[in-house]
Amino acid sequence: MKYLSEWDQWKRYSSKSWKRFLEKAREMTTHLELWREDLRSIEGKFGTGIQSYFSFLRFLVLLNLVIFLIIFMLILLPVLLTKHKITNSSFVLIPSKDIDIQCTVYPISSSGLIYFYSYIIDLLSGTGFLEETCLFYGHYTINGVKFQNFTYDLPLAYLLSTVTYLVLSLLWIVKRSVEGFKVNLIQSEEHFQSYCNKIFAGWDFCITNRSMANLKHSSLRYELRADLEEERIRQKIAERTSEDTIRIYSLRLLLNCVVLAVLAACFYAIYRATIFSQEHMKKEIDKMVFGENLLILYLPSIVITLANFITPVIFAKIIHYEDYSPGFEIRLTILRCVFMRLATICVLVFTLGSKITSCDNLSCELCGYNQKLYPCWETQVGQEMYKLMIFDLIIILAVTLFVDFPRKLLVTYCSSWKLMQCWGQQEFAIPDNVLGIVYGQTICWIGAFFSPLIPAIATLKLIIIFYVKEMSLLYTCKPSPRQFRASNSNFFFLLVLLIGLCLAVIPLTISMAHSIPSSKACGPFTNLNTTWEVVPKTVSTFPSSLQSLVHGVTSEAFAVPFFMIICLVMFYFIALAGAHKRVVVQLREQLSLESRDKRYLIQKLTEAQKDVRN
């Protein structure tokens, strides 16, 4: 320190003090983490693999909470402040435009004699009294909120909230997945290194429970058996004749055709169920009994849930005949289940879109969509997403309470029965549970545009699921013998979530851009043909210089050079990654040489000691 000036000494001291403060603040914030003690308890009893599932669940709770706060600040807060006269502001009504009067008709539900069970149906389906609340798109039929100094543009805020939560979700997922990708990249090892890592570094020192320790032993044995099985399959592949290769590839082609046929049958069943439900749900409620009406409303959700239950069983049976390695079997089965679960939502949305734009008379020519059946089609799409969300929660609770708990009791107290011995205790399968919450999150991303309060419902739903799954893990389920490492699990979970986000963006982009005209009877975009038209309308209000800048940035003259620069940057990073990979290979070879040198030196030292003794 005596060689430093007073200024440099002060800077160093300040830097150290600031780092110490940040460390202390970070330690304090760890005590404020959601479910910190629960996650530590799960990690101690069941290892890091199952704990990573609950950490992923906590991440989705925080993500949905942030999405709800974005929507609340941009859309709900200005409307609520004006509606309840908290601020000196007023609503700006949408100016009238040359629109056919038939397109602006939005029938309000009758307020006469209402059966009690109709309130239950409204609560479960989002119809009736819920349809007119701020839960759905149709409630926000205003052009803006006028404060003292400015006018708040609600249509622009509505679109910006959707773009913001999608971009935020993408950035947050990519940020978390990059960390797992780095770990996976480091762990991409050769088979001999994999064997050494399992033997010498495979133990999970977070485990403190004896039964979980036994489970970890069996898990390591399973991994070693799986490695040996993969080696056997590689040897078998190397010894295959051309006739065997043709036979196995023909069998795989046939089985993949069966998989496609199963997927096509499920998609067609969802399509027919959606068409049937939409055609019959317009009947008066007093013309049906309670169960029939509820069945009609929830028919698409029931078919989707049945498809999600049945297809994984079929895929698991088919994969055994395709002669893949055990690791690849798991990955391929999970990939098929991911595609099945997430594609069903897209099939439902596109079926609704085709039904909205199909007409038997001239009403489509007047409004651009079937105004008679769908006067506010965005609200009705939001109701379908709401029903999927509620039904998914009902199924999770019902399976836990009426299947897992009775099964645990039967296995515990009737263990002498052969049927109970064959049935066994329910396993806590991490991939299946992850696919379930990713399915719910995809519904939330799609539905948040049509039902702004769905993220709040999703947050409450995930909190309930956390406690239900924790109780199920502790009291009714046993961990699956096929365990996941925490690093591999986190990367896999986020990869599946990223696929769900990409699939959610597709129907949202199509519905906002050009596919279906905006409803003329409800919502903030009644005077616009599409939702996206609010952007050029807003740009036209900018000063001329700023307009020129925006048009220049969005023109081809800017896009082509920008694309070329991005390509050059991408090629640079690809070349850099290749160079790093070559360095890694050289370092591994150097390590191998050093180990041989050590063995040689030990051998010479041993010979020298023998000579000294002699």
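The structure displayed is predicted, hence computed values, not measured ones. (Residues numbered from 1 in each chain as written. Predicted model: local features only at pLDDT ≥ 70, side-chain atom pairs only at ≥ 80, totals over all residues. Heavy atoms only, no water.)

> So what's going on with the packing of aromatic side chains? Residues and values would help.
Tallied over the entire structure, the rule returns 21 aromatic pairs. Ring pairing ties together the aromatic residues Tyr-137, Tyr-140, Tyr-158, Trp-377, Phe-449, Phe-450 and Phe-525, which thus form one cluster. Stacked on the ring of Phe-59, the Lys or Arg Arg-176 has its end atom at 4.3 Å from the ring centre. Positioned above the aromatic ring of Tyr-439 is the side chain of Arg-341, whose terminal nitrogen or guanidinium carbon lies 5.9 Å from the ring centre. (Phe/Tyr/Trp six-rings, centres within 6.5 Å; stacked < 30°, edge-to-face > 60°. Lys NZ or Arg CZ within 6 Å of the ring centre and 35° of its normal.)

> I'd like a description of the pattern of salt bridges, backed by residues and values.
Taken as a whole and assessed by the stated rule, the structure comprises 4 salt bridges. Among the ionic pairs, Arg-336 bridges to Glu-322, the shortest N-O distance being 3.1 Å. Placement of the pair is Arg-336 in helix 10 (residues 326-356) and Glu-322 in the loop between helix 9 (290-319) and helix 10, with a sequence separation of 14 residues. The same class applies to Arg-336 as to Glu-322, namely buried. Two residues, Asp-392 and Lys-461, come together in a salt bridge whose shortest N-O distance is 2.7 Å. One end of the pair, Asp-392, is in helix 12 (residues 377-413); the other, Lys-461, is in helix 15 (residues 454-475), and 69 residues separate them in sequence. Lys-461 shares its class with Asp-392; the two are buried. (Salt bridge = Lys/Arg side-chain N within 4 Å of Asp/Glu carboxyl O. Helix = DSSP H or I, 4+ residues; strand = E, 2+ residues; numbered from the N terminus. Buried < 20%, exposed > 50% of the residue type's maximum accessible area, 1.4 Å probe, protein only.)

> Tell me about the packing of helix 12 against helix 15, residues and numbers included.
Remark: helix 12 packs on helix 15, axes separated minimally by 11 Å, with the N-to-C direction vectors making an angle of 10 degrees. Accordingly, the angle class assigned to the pair helix 12 and helix 15 is roughly parallel. Looking at the contact of helix 12 with helix 15 residue by residue, the class counts come to 15 nonpolar, 3 polar and 5 charged. (Axes fitted to C-alpha atoms, helices over the stretch in contact; angles between N-to-C directions. Parallel < 35°, antiparallel > 145°, perpendicular 65-115°, else oblique. Nonpolar A, V, L, I, M, F, W, Y, C, P; charged D, E, K, R; others polar.)

> How would you sum up empty space enclosed by the protein? Please name residues and give values.
Taken as a whole, this structure holds 1 cavity of 30 Å³ or more when the rule is applied. If you add up the space inside the largest cavity, you get close to 40 Å³. If you go around the largest cavity, the residues you meet are Asn-64, Met-389, Ile-437, Gly-440, Gln-441, Ala-458, Lys-461 and Leu-462. Contributions of two or more residues to the lining of the largest cavity are made by helix 14 (430-450) and helix 15. (1 Å grid on protein atoms, 1.4 Å probe; cavity = no way out; pocket = protein on both sides within 12 Å on 5 of 7 lines; lining within 4 Å. Points joined across faces, edges and corners; volume = space filled by probe spheres on them.)

> Provide a residue-level description of a nonpolar patch on the surface, including the pertinent values.
A contiguous nonpolar surface patch, about 540 Å² in accessible area, is contributed by Leu-546, Leu-549, Val-553, Phe-558, Phe-562 and Ile-566. Elements with a minimum of two residues in the nonpolar patch: helix 18 (544-553) and helix 19 (556-613). In this structure, Leu-546 sits in helix 18. For Leu-546, a relative accessible area of 35% translates into the label partly exposed. (Patch = residues over 30% accessible without salt bridge, like charges linked within 9 Å, V, L, I, M, F, W, Y side chains within 5 Å. Areas by Shrake-Rupley, 256 points an atom, 1.4 Å probe, with all protein chains shown as cover.)

> Outline the packing of helix 12 against helix 14, listing residues and values.
With their axes 9 Å apart at the nearest point, helix 12 and helix 14 run at an angle of 160 degrees to one another. What the angle tells us is that helix 12 and helix 14 run roughly antiparallel. In the packing of helix 12 onto helix 14, the handedness of the crossing is left-handed. Judged by residue contacts, Trp-377, Glu-378, Val-381, Gly-382, Met-385, Leu-388, Met-389 and Asp-392 of helix 12 engage Gly-436, Tyr-439, Gly-440, Ile-443, Cys-444, Ile-446, Gly-447 and Phe-450 from helix 14. (Left-handed = near helix turned anticlockwise from the far one by under 90°. Contact = heavy atoms within 4.5 Å.)

> Before we move on, could you go through a positive patch on the surface and cite the residues and values that matter?
A cluster of basic residues, Arg-12, Lys-16, Lys-19, Arg-20 and Lys-24, forms a positive patch at the surface. Following the sequence through the fold, Lys-24 ends up in helix 1 (residues 6-30). Using a relative accessible area of 51% as the deciding quantity, one classes Lys-24 as exposed. (Lys, Arg positive; Asp, Glu negative; His and termini not counted. Charge placed at Lys NZ, Arg CZ, Asp CG, Glu CD.)

> Run through the side chain of Ser-301, naming residues and quoting values.
In this fold, Ser-301 is placed in helix 9. Ignoring any residue separated from it by four or fewer positions in sequence, one finds Ser-301 in contact with Lys-387, Leu-388 and Phe-391.

> Which residues make up the environment of Leu-453, and what values go with them?
Along the polypeptide, Leu-453 turns up in the loop between helix 14 and helix 15. Between the C-alpha atom of Leu-453 and that of Leu-135, which follows or precedes it by 318 residues, the distance is 5.2 Å. If sequence neighbours within four positions are ignored, Leu-453 has contacts with Phe-68, Leu-76, Cys-134 and Leu-135.

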